[in-house]
Amino acid sequence: MTAPTTRTVVVDTLRDEAGVWLFVFKTLLAYYLTGWLAMRFSLPQPSSAMLTVIIVANRQSGMVLAKSFYRGIGTLAGAAAAFVIVALFPQQRELFLLALSLWIGVCAGGATLYRNFKSYAFVLGGYTAAIIAVPVINNPPGVFDSAVARISEVLLGLLVSGVVNDVVLPSRMRDVLRRSARAQFAHFIGFVQGSTGGTIARNAMENAHLRFVRDAVTLEDLRSSVIFEDAEARARSGHLQLFNQRFMAASTSFQSLHHLINRLQRNGHEASAKALIALYAPIGKALDAPIEAGAASYVLLPRLVEARQTMQKKAQALRQSLTDAAALRDFDTGATLLNRFADELHAYVETAASLQAPRLILRSPERVRFERGNDFASAGLAVFRTTLTMLVLGAFWIYSAWPMGASAMLIATIFAGLFATAPNPARVTRSVLMGYATGMVAGFVCVFFVLTKMEGYMLLVAGSAPFLMVGLAMLMRPSIASYGLGYSMGFVYILALKNPMVFDPANFINDTIAQIIGVSAASLAFIVVPPAIGSHWLRRRQLERLRRQVTLAAEAPLAGLRHRFESVNHDLFSQVVAQTEPGSADSRALIAWTLAVHETGRALIELRQDMGSHPVPAEVDRCVNQAINALARFYEHPDSAGYARTRDAVAAAIDMADSEASARPLLDHLHLIRLALLDGESVLADYMPDHIRPVAPAPKEIADAS
């Protein structure tokens with residue numbers, strides 16, 4: 001690889017800087033246009049509409065529209081909650097604040113269950129209820145006017161921000177989505193093609209799995225945002241989901257196949273391993289072709305069809321070359337797995353071809369859904385923390401009769417929900433707090449030393465824009481983005497633009513103190529009640545949930561089970577990888593368990609499907625179900641005794657299935673599960689008795705295409 005030239009570095013730097021300042025310009029345009037319209041419409045608090053623009057700001061148009069959509073839903077839900085709370089407790093301040101705190105806590109908990117812009121609906125549900133209900137605590141009949149004003153202000157900010165970002169030099173997420181989908185396809189096809197000549201070292205497979213999981217989750221997150229900005233993306237959304245699900249299925253079968261070949265070689269079964277590699281070779285030859293736009297349809301698909309035909313012809317000859325009964329069983333298991341992979345690879349390439357087509361195929365794709373692996377205990381912790389914070393602030397407000405208590409509660413509501421999903425919210429909120437304080441100082445200078453000397457809206461823009469530009473530019477620098485967010489929100493919130501402007505230094509300082517206390521309370525809450533995200537407790541729970549995926553594969557209804565199993569596995573894995581240090585003991589243990597769960601879970605699903613389509617004698621059915629149940633119980637609570645029971649149950653099921661001709665289709669899945677149980681390099685080796693634990697040299701490595 002040649003080093004980039006100085007000219008290339010300069011061009012890339014200028015391009016990045018141009019993107020930053022384009023974002024700053026568009027955000028300022030939306031911000032001041034929203035303020036002007038709010039004043040023209042005589043809305044009570046134009047600053048609420050303008051703050052909305054800052055909160056939904058993003059470089060990508062699709063991101064802004066997605067944020068705005070969910071923020072709008074949250075605003076309406078929060079308004080409805082405010083009506084209910086005020087109606088239930090119009091003259092009981094304690095019960096009013098208790099109900100409001102519980103609602104805000106529930107919204108913060110809901111925000112932790114989502115890692116995309118759906119969390120904004122929950123954040124805004126809590127915040128909107130607070131900004132509507134708190135000001136009317138002593139005037140319950142005013143709740144309707146308060147709700148209408150707040151909804152109007154927020155929706156105005158969303159509308160203007162969405163229009164500006166979609167019309168003025170838009171930066172389309174669909175281009176990012178297309179590049180991501182093409183990169184996923186090219187990387188997987190290239191990796192498969194480069195791995196057909198031998199075994200893959202375990203660390204190389206782990207690295208590949210990390211890439212596969214990251215690609216799948218990223219594509220789903222992008223798809224869920226792009227549908228808001230592009231009609232074609234909405235029309236192809238079902239195809240994209242199917243494309244991603246087929247990618248996950250094919251990658252799991254690919255990993256299982258190579259784990260099998262690795263095990264055969266480690267255990268000295270060279271004949272069956274070489275036969276499987278030879279049977280695998282036509283796929284590598286078929287994929288050794290251009291994969292640029294459109295190639296999937298007219299190049300790869302015909303070559304894959306030809307490869308499958310070649311494999312069918314070679315399979316019998318390769319099988320006849322083996323004489324040992326154990327080698328024949330290994331080969332049959334591998335051939336079944338290879339055929340499954342070939343079918344799933346063909347389906348994946350076929351879906352890619354439909355996406356590459358210039359016109360959408362009207363035929364409805366198979367309906368699939370990417371399910372998330374959420375942890376409700378961590379959401380419950382967020383509910384408790386946020387509710388406690390609001391109750392403490394509310395109690396202090398009531399019993400101290402603090403005039404600015406409402407302002408402190410409102411700002412704490414925003415940050416308690418906004419950072420509930422951050423891996424280290426205490427650190428993030430500290431950075432935001434420093435930025436917030438700096439923004440307020442800038443706001444003081446702007447209000448009392450600049451705006452007092454200017455008259456008219458255009459001079460207001462000229463006087464305040466340079467201050468706000470600083471914060472927006474920092475938002476685009478990853479190292480200081482949280483500081484920039486705090487600066488921007490602090491400046492906008494304390495500026496409190498009105499028509500006409502009010503210059504009251506005493507009220508300004510009191511409001512500043514209240515807001516600093518509100519942000520500090522939210523930050524302190526994350527220290528007193530640490531978040532589950534990133535904690536050892538949550539990683540342990542997520543690992544348990546990951547292992548229970550084997551129970552899901554063993555017991556859940558088969559309809560849609562494969563898609564559910566794959567998507568939850570990938571989502572759980574991506575969550576914990578994001579919260580663990582790369583190369584740490586936790587990270588290595590997670591990867592090892594994920595590979596074991598992927599392989600065993602998929603084998604169980606395939607086994608159960610074949611049991612449904614190939615009726616077997618009752619005794620065989622009972623014996624196989626005992627093995628399935630033993631596997632589920634072992635993965636739920638792994639220990640040496642459970643391992644021994646599971647190993648014996650699987651061996652008994654194999655013997656029983658081998659004795660009945662009608663049960664032969666089940667043998668391949670059972671044998672694959674047994675080989676996974678006996679893998680001395682897997683995470684299950686810790687539960688094996690020492691006298692059966694294999695000791696063998698590691699397989700030779702091939703080039704890591706990841």
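Residues numbered from 1 in each chain as written. Predicted model: local features only at pLDDT ≥ 70, side-chain atom pairs only at ≥ 80, totals over all residues. Heavy atoms only, no water.

1. Comments concerning the overall build of the chain
Move 1: Secondary structure summary: the chain contains 25 helices and zero strands in total.
Move 2: Once local pairs closer than 6 in sequence are excluded, the contacts in the chain between residues at least 24 apart make up 79%.
Move 3: In the form shown here, the chain has an accessible surface area of approximately 29600 Å², with 60% of it arising from carbon and sulfur atoms. (Helix = DSSP H or I, 4+ residues; strand = E, 2+ residues; numbered from the N terminus. Contact = heavy atoms within 4.5 Å. Areas by Shrake-Rupley, 256 points an atom, 1.4 Å probe, with all protein chains shown as cover.)

2. What about empty space enclosed by the protein?
Move 1: One pass over the full model with this rule turns up six cavities of 30 Å³ or more.
Move 2: The computed volume of the largest cavity comes to approximately 60 Å³.
Move 3: Lining the largest cavity, in full, are Thr-333, Thr-336, Leu-337, Arg-340, Asp-668, His-669 and Leu-672.
Move 4: Those elements that place two or more of their residues in the lining of the largest cavity are α13 (325–356) and α25 (664–677).
Move 5: For the lining of the largest cavity, the leading source of residues is α13, giving four residues. (1 Å grid on protein atoms, 1.4 Å probe; cavity = no way out; pocket = protein on both sides within 12 Å on 5 of 7 lines; lining within 4 Å. Points joined across faces, edges and corners; volume = space filled by probe spheres on them.)

3. Side note on the packing of helix α10 (residues 237–266) against α13
Move 1: At a minimum axis distance of 8 Å, the contact between α10 and α13 shows a crossing angle of 155°. Classified by the interaxial angle, the pair formed by α10 and α13 is roughly antiparallel. Here α10 and α13 pass one another in a crossing that is left-handed.
Move 2: Each residue belonging to the contact of α10 with α13 can be placed in one class, and the counts come to 18 nonpolar, seven polar and five charged. (Axes fitted to C-alpha atoms, helices over the stretch in contact; angles between N-to-C directions. Parallel < 35°, antiparallel > 145°, perpendicular 65-115°, else oblique. Left-handed = near helix turned anticlockwise from the far one by under 90°. Nonpolar A, V, L, I, M, F, W, Y, C, P; charged D, E, K, R; others polar.)

4. Concerning unusual backbone geometry
Glycine aside, the phi torsion of most residues is negative, and most peptide linkages are trans.
Move 1: Even without a glycine there, the phi angle at Ser-42 is positive, about 60°.
Move 2: Structurally, Ser-42 is set in the loop between α1 (6–40) and α2 (46–55).
Move 3: On the basis of relative accessibility, which here comes to 62%, the residue Ser-42 falls in the exposed class.
Move 4: Here the phi dihedral of Ala-496 falls at roughly 45°; this positive angle occurs in a residue that is not glycine.
Move 5: By secondary structure assignment, the location of Ala-496 is in the loop between α18 (481–495) and α19 (505–528).
Move 6: Residue Ala-496 is classed as buried on the basis of its relative accessible area of 18%. (Buried < 20%, exposed > 50% of the residue type's maximum accessible area, 1.4 Å probe, protein only.)

5. Description of the layout of surface pockets
Any empty space left between the atoms is revealed when a probe the size of a water molecule rolls over them.
Move 1: Approximately 750 Å³ is the volume attributed to the second largest pocket.
Move 2: The wall of the second largest pocket is formed by 33 residues, among which Gln-45, Tyr-493, Ala-496, Lys-498 and Asp-511 lie closest to the centre.
Move 3: When contributions to the lining of the second largest pocket are tallied by element, the ones reaching two or more residues are α2, α5 (118–133), α15 (405–418), α16 (425–450), α18 and α19.
Move 4: Among the residues making up the lining of the second largest pocket, the classes are represented as 22 nonpolar, seven polar and four charged.

6. Observations regarding the side chain of Glu-153
Move 1: Here Glu-153 lies in helix α6 (residues 143–167).
Move 2: Side chain to side chain, Glu-153 and Arg-150 meet in a polar contact 2.8 Å long. (Polar contact = N/O pair within 3.5 Å; in protein donor to acceptor, adjacent residues only side chain to side chain.)

7. Concerning the confidence of the model for the chain
Move 1: Taken over all residues, the pLDDT of the chain has a mean of 82, while the share at 70 or more is 88%.
Move 2: Within the model, pLDDT remains below 50 along residues 694–706, and this stretch shows 29 contacts once partners closer than five positions in the same chain are excluded. (pLDDT = per-residue confidence, 0-100.)

8. Structural notes on the pattern of salt bridges
Move 1: A full pass over the atoms with the stated rule returns 19 salt bridges.
Move 2: Between Arg-263 and Asp-679 there is a salt bridge, with its nearest N and O atoms 2.9 Å apart. A residue pair is termed long-range when its members are at least 10 positions apart, and Arg-263 in helix α10 and Asp-679 in the segment after α25 qualify at 416 residues. One exposure class covers both Arg-263 and Asp-679, and it is buried.
Move 3: Linked by salt bridges that have partners in common, Arg-263, Arg-266, Glu-599, Asp-679 and Glu-681 make up one network. (Salt bridge = Lys/Arg side-chain N within 4 Å of Asp/Glu carboxyl O.)

9. Some remarks on the environment of Arg-40
Move 1: As for its position among the elements, Arg-40 is in helix α1.
Move 2: On the basis of relative accessibility, which here comes to 61%, the residue Arg-40 falls in the exposed class.

10. Examining a nonpolar patch on the surface
Move 1: Where nonpolar side chains cluster on the molecular surface, the patch consists of Phe-83, Val-84, Leu-88, Phe-144 and Val-148 and spans about 460 Å² of accessible area.
Move 2: With three residues, helix α3 (residues 61–88) is the single largest residue contributor to the nonpolar patch.
Move 3: Of note, Phe-83 is situated in helix α3.
Move 4: Note on Phe-83: relative accessible area 34%, which makes it partly exposed. (Patch = residues over 30% accessible without salt bridge, like charges linked within 9 Å, V, L, I, M, F, W, Y side chains within 5 Å.)

11. Describing the nonpolar core
Move 1: Judged by nonpolar contacts, the single largest core of 115 residues is most densely connected at Phe-188, Ile-283, Phe-341 and Leu-345.
Move 2: Residues within four places of Ile-283 in sequence aside, it is in contact with Val-192, Ala-307, Met-311, Leu-338, Phe-341, Ala-342 and Leu-345.
Move 3: Residues Leu-28, Ala-57, Ile-151 and Ile-494 belong to the second largest nonpolar core, which totals 102 residues. (Core = buried A, V, L, I, M, F, W, Y, C linked by side-chain atoms within 4.5 Å.)

12. So, the environment of Leu-210
Move 1: In this fold, Leu-210 is placed in helix α8 (residues 202–226).
Move 2: Placed 364 residues apart in sequence, Leu-210 and Ser-574 show a C-alpha to C-alpha distance of 8.2 Å.
Move 3: Those residues in contact with Leu-210, other than ones at most four positions away along the chain, are Phe-573, Val-577 and Ile-591.

13. Some points on the side chain of Thr-128
Move 1: Checked against the element boundaries, Thr-128 lands in helix α5.
Move 2: Looking at Thr-128, the relative accessible area reads 0%, which means it is buried.
Move 3: Separated by 2.7 Å, the side chain of Thr-128 and the backbone oxygen of Leu-124 make a polar contact.
Move 4: Ignoring anything within four residues of it in the chain, the contact list for Thr-128 reads Gly-74, Thr-75, Gly-78 and Ala-79.

14. Points about the packing of α16 against α18
Move 1: For the pair α16 and α18, interaxial distance at closest approach is 6 Å and the crossing angle is 40°. When the axis of α16 is compared with that of α18, the two are oblique. Regarding α16 and α18, the two cross each other, and that crossing is right-handed.

15. A closer look at the packing of aromatic side chains
Move 1: Tallied over the full model, the rule gives 27 aromatic pairs.
Move 2: Relative to Phe-247, the ring of Phe-188 lies with its centre 5.4 Å away and its plane at 85°, an arrangement referred to as edge-to-face. Of this pair, Phe-188 sits in helix α7 (residues 173–194) while Phe-247 sits in helix α10, and the two are 59 residues apart along the sequence. Pair check on accessibility: Phe-188 and Phe-247 agree, each one buried.
Move 3: Both rings, one in Phe-254 and one in Phe-341, keep their centres 5.8 Å apart while their planes meet at 45°; by these two values the pair is tilted. Of the two residues, Phe-254 sits in helix α10 while Phe-341 sits in helix α13, which places them 87 residues apart along the sequence. Neither residue differs from the other here; Phe-254 and Phe-341 are each classed as buried.
Move 4: Among the aromatic side chains, those forming a connected cluster through ring pairs are Phe-185, Phe-188, Phe-191, Phe-212, Phe-243, Phe-247, Phe-254, Tyr-280, Phe-341 and Tyr-348. (Phe/Tyr/Trp six-rings, centres within 6.5 Å; stacked < 30°, edge-to-face > 60°.)

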